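An overview of the molecular structure
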Amino acid sequence: TKEMLDKGMTLEEIATYRDIGVDTLITHIEKLVDQGEIVVLDKVLPKKVRLQKISKAFEELDTTKLTPIFDYLDGKVSYNDIKLVRAYRALNKKK
């Protein structure tokens, strides 16, 4: 997964290649980040406006939990997008 992310493959491309679901793939990405791996998420993150909105929610609520973010944003963003932004924020804290 890491190598494919580093090559700039999309979530769908990686999931298809590995014959797993996108949800499972995002769980793998989160595990890589939790293990301290530096991964390139540029091609898999939500669009900039959505990324900023989710990131701001994490800051304002001071949490890493998914449901409070989902509820705060009135269910207008997917849990997968929230998970990806959470992983992105964790990566940026490690840099």
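The text that follows walks through the structure, step by step, so that each part is easy to find.

Conventions we followed
- Residues numbered from 1 in each chain as written.
- Predicted model: local features only at pLDDT ≥ 70, side-chain atom pairs only at ≥ 80, totals over all residues.
- Heavy atoms only, no water.
- Helix = DSSP H or I, 4+ residues; strand = E, 2+ residues; numbered from the N terminus.
- Polar contact = N/O pair within 3.5 Å; in protein donor to acceptor, adjacent residues only side chain to side chain.
- Contact = heavy atoms within 4.5 Å.
- Axes fitted to C-alpha atoms, helices over the stretch in contact; angles between N-to-C directions.
- Parallel < 35°, antiparallel > 145°, perpendicular 65-115°, else oblique.
- Nonpolar A, V, L, I, M, F, W, Y, C, P; charged D, E, K, R; others polar.
- Core = buried A, V, L, I, M, F, W, Y, C linked by side-chain atoms within 4.5 Å.
- Buried < 20%, exposed > 50% of the residue type's maximum accessible area, 1.4 Å probe, protein only.
- Expected span 1.5 Å × (residues − 1).
- Arc of directions from axis to C-beta.

Another point: the side chain of R89. Among the structural elements, R89 can be located in helix α6 (residues 79-94). Polar side-chain contacts of R89 include one of 2.9 Å to the side chain of S55. With residues near it in sequence (within four places) discarded, R89 still touches S55, F58 and E59.

It is worth spelling out the packing of helix α2 (residues 11-18) against helix α3 (residues 22-34) at this point. Their axes nearest at 9 Å, the elements α2 and α3 cross at an angle of 100°. Comparing their axes, α3 and α2 come out roughly perpendicular. Across the interface between the two elements, L11, I14, A15 and R18 of α2 pack against V22, L25, I26, H28 and I29 of α3. A per-class count over the contact of α2 with α3 returns 7 nonpolar, 1 polar and 1 charged.

For the rest of this paragraph, the subject is the nonpolar core. With 27 residues, the main nonpolar core has L41 and I54 as its most contacted residues. Sorting the residues of this core by element identifies α1 (2-6), α2, α3, α4 (48-61), α5 (66-72) and α6 as the ones contributing at least two each. Sequence-distant contacts of I54, defined by excluding residues within four places in its chain, comprise P46, I69, L73, V77, D81, I82 and V85.

Moving on: α3. The end-to-end C-alpha distance of α3 is 18 Å, a good match for the 18 Å that 13 residues give at a rise of 1.5 Å each. Taken together, the buried positions of α3 are L25, I26, I29, E30, L32 and V33. Taken around the axis of α3, the buried residues stretch over an arc of 160°, which confines them to a single face.

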